[in-house]
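# Residue-level structure breakdown
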Amino acid sequence: MKKISILGSTGSIGTQTLDIVTSHPDNFQVVGLATGTNITLLARQIAQFKPEIVAICDETKVNDLKSLLTGIEHQPIILAGEEGIIEVARYGDSESVVTGIVGCAGLLPTIAAIKAGKDIALANKETLIAGGPVVLPLVQKHGVKLLPADSEHSAIFQCLQGVPSNGLRRIILTASGGSFRDLPVEKLNTVTVADALKHPNWSMGKKITIDSATLMNKGLEVIEAHYLFGLDYDRIDIVIHPQSIIHSLIELEDTSVLAQLGWPDMRLPLLYALSWPDRIHTDWPSLDLVKAGDLTFREPDHHKYPCMGLAYSAGIAGGAMPAVLNAANEEAVALFLSEKIGFLDIPRLIEITCDRFSSHNTSTPTLEDIIEADRWAREEVRNQMLLAR
Ligand code: MG
């Protein structure tokens, strides 16, 4: 029985993790749950999973949550605000913390969990992308495991089991191509939020679905792969694979290529991040290669999708630049989702922001430097948006 806590319990990652707990009650037990604002779902989760502690980021909703819990026998400790989320992350005897909070908001709770000696099931890639220079030394120092729950990185991690540390030559990340993979580049300036949210293969949250449509998601995953697996950027490639059956590949020094395959289902990488190194039996449908049919591959189009190039450049620049890229992207995507900017403004705003930051970057940023870079980049994106009007 493994004890786990979940940050972002009412989001896409959180609910899928709790599905796993429901179907494997002998393997997992929930210690803590934290979420942003959705108290209705949190109250149901409390009744079903009986956590010892919960936190809600929106402090104004604590009393509403308490009234939803009247009559429920199990009463957990209830905390609020960012401090509350951090407390859930480090609380009690949970062994593993699933970080499903969207965006850079996951950074401080993840650091708290690492300092408390907990393994991290990393479903929030922004934590590592923005905080890599600070998070990785802490992971070393506290001897915890950073287990990828992103499907591509889980695939690479699975392929790497048993590969000697000097055996890896290259990582090949597969990308579905997102909502606009079959749309000509000229049409991208008129696409709507609703168009962008129609992902062909994966069911995910809004922010990451937009990131898939711009291919920034893949760019961010390149940086995530660099930090997780220690390869230089010229050894991390992207290939478009519309069927999302191959979740990523590695090439070894002798040119042998290993791949991990499966139906597109986020629960599998989540389960492996929690069960590693064990394999737990599931009743999920087996992969049927004949049903999957043709597996095809295409070169990524850097002209159509400039976000990939922006991410490689930010990754190579290093220091706090990935934090700036990530914050600028989060802000631009939020502006797009609220219909304040167009789809093509997303890469434009990110590029301006990264350019303006480059003379201020430092190679070994502190946590404070990263938080400040994140704040600066968000403000810069909003200023640039107003300037463009
Ligand atoms: Mg992914």
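As the structure is a prediction and not an experimental result, all values here were calculated from the model. (Residues numbered from 1 in each chain as written. Predicted model: local features only at pLDDT ≥ 70, side-chain atom pairs only at ≥ 80, totals over all residues. Heavy atoms only, no water.)

### Details of the sheet that holds strand β7 (residues 146-148)
- Pairing is parallel in the open sheet, where seven strands are placed in the order β4-β3-β2-β1-β5-β6-β7. Taken across any chain shown, the strands that pair with only one partner, and hence form the sheet edges, are β4 (77-80) and β7. Across the sheet, the mean angle from the axis of one strand to that of its neighbour is 25°, orientation sign disregarded.
- The pairing of strand β6 (residues 119-122) with β7 spans three bridges and is classified as parallel. Bridge pairing links L122 to P148 in β7. (Pairing = 2+ DSSP bridges. Helix = DSSP H or I, 4+ residues; strand = E, 2+ residues; numbered from the N terminus. Axes fitted to C-alpha atoms, helices over the stretch in contact; angles between N-to-C directions.)

### Focus: the pairing of β6
- Examined bridge by bridge, strand β5 (residues 96-99) and β6 share four bridges and lie parallel to one another. Residue pairing for β6: T99 is matched across the bridge by L122.
- Considered for its hand, the β-α-β crossover made up of β6, helix α6 (residues 125-142) and β7 is right-handed. (Right-handed = clockwise from strand over helix to strand, strands pointing away.)

### Quick notes on helix α10 (residues 216-229)
- Here α10 spans 20 Å end to end across 14 residues, near enough to the 20 Å set by a 1.5 Å rise per residue.
- Burial within α10 is extensive, with 14 of its 14 residues counted as buried.
- G230 sits one or two residues past α10 and shows a positive phi near 75°. (Expected span 1.5 Å × (residues − 1). Buried < 20%, exposed > 50% of the residue type's maximum accessible area, 1.4 Å probe, protein only.)

### Some points on the coordination of the magnesium ion
- Around the magnesium ion, the donor atoms from the protein are D150 (OD), E152 (OE) and E221 (OE), and they sit 2.1 to 2.2 Å away.
- Look at where the donors of the magnesium ion fall in the sequence and you get D-x1-E-x68-E. You can see D150 sitting in the loop between β7 and α7 (151-160) and its partner E221 sitting in helix α10, a full 71 residues away along the chain. You'll find D150 and E221 in the same group, each marked buried. (Donors = N, O, S within 2.8 Å, 3.2 Å for Na, K, Ca; no water.)

### A look at the packing of aromatic side chains
- Summed over the entire model, instances satisfying the criterion amount to five aromatic pairs.
- When the centroid spacing of 5.7 Å and the interplanar angle of 65° are considered together, the rings of F336 and F343 count as edge-to-face. The same class applies to F336 as to F343, namely buried.
- Between the aromatic rings of F357 and W376, the centroid separation amounts to 5.6 Å while the plane-to-plane angle is 45°, which identifies the pairing as tilted. With F357 in helix α15 (residues 345-357) and W376 in helix α16 (residues 367-387), this pair connects stretches of sequence that are 19 residues apart.
- For F357, a relative accessible area of 7% gives the class buried.
- Here a set of aromatic residues connected by ring pairs shows up, and it is made of F157, Y272 and W276. (Phe/Tyr/Trp six-rings, centres within 6.5 Å; stacked < 30°, edge-to-face > 60°.)

### Some words on helix α4 (residues 81-90)
- Within the sequence span of α4, burial applies to G81, G84, I85, I86, V88 and A89.
- Tucked into the core, α4 has its buried residues touching β1 (2-7), β2 (28-35), β3 (53-56), β4, β5 and α5 (107-115).
- Of the residues trailing α4, G92 is marked for its positive phi of about 60°. (Contact = heavy atoms within 4.5 Å.)

### A short note on the environment of S176
- Among the secondary structure elements, S176 is positioned in the loop between β8 (168-175) and α8 (193-196).
- Sequence-wise, S176 and P322 are 146 residues apart; in three dimensions their C-alpha atoms are separated by 23 Å.
- In contact with S176, not counting residues within four places along its chain, are R181, H199, N201, I240, H241, P242 and S244.
- Within the local environment of S176, its side chain forms a polar contact with the backbone nitrogen of G178, the two atoms lying 3.1 Å apart. (Polar contact = N/O pair within 3.5 Å; in protein donor to acceptor, adjacent residues only side chain to side chain.)

### With respect to the pattern of salt bridges
- One pass over the full model with this rule turns up 24 salt bridges.
- The partner of R170 in a salt bridge is D237, with the nearest N and O atoms 2.6 Å apart. A residue pair is termed long-range when its members are at least 10 positions apart, and R170 in strand β8 and D237 in strand β9 (residues 236-240) qualify at 67 residues.
- Under the relative-accessibility criterion, R170 is labelled partly exposed at 27%.
- With a relative accessible area of 25%, D237 lands in the partly exposed category.
- Measuring nitrogen to oxygen at the nearest pair gives 3.8 Å for the salt bridge that ties K198 to D195.
- Under the relative-accessibility criterion, K198 is labelled exposed at 56%.
- Shared partners join several salt bridges into a network, and the residues in it are K125, D150, E152, K218 and E221. (Salt bridge = Lys/Arg side-chain N within 4 Å of Asp/Glu carboxyl O.)

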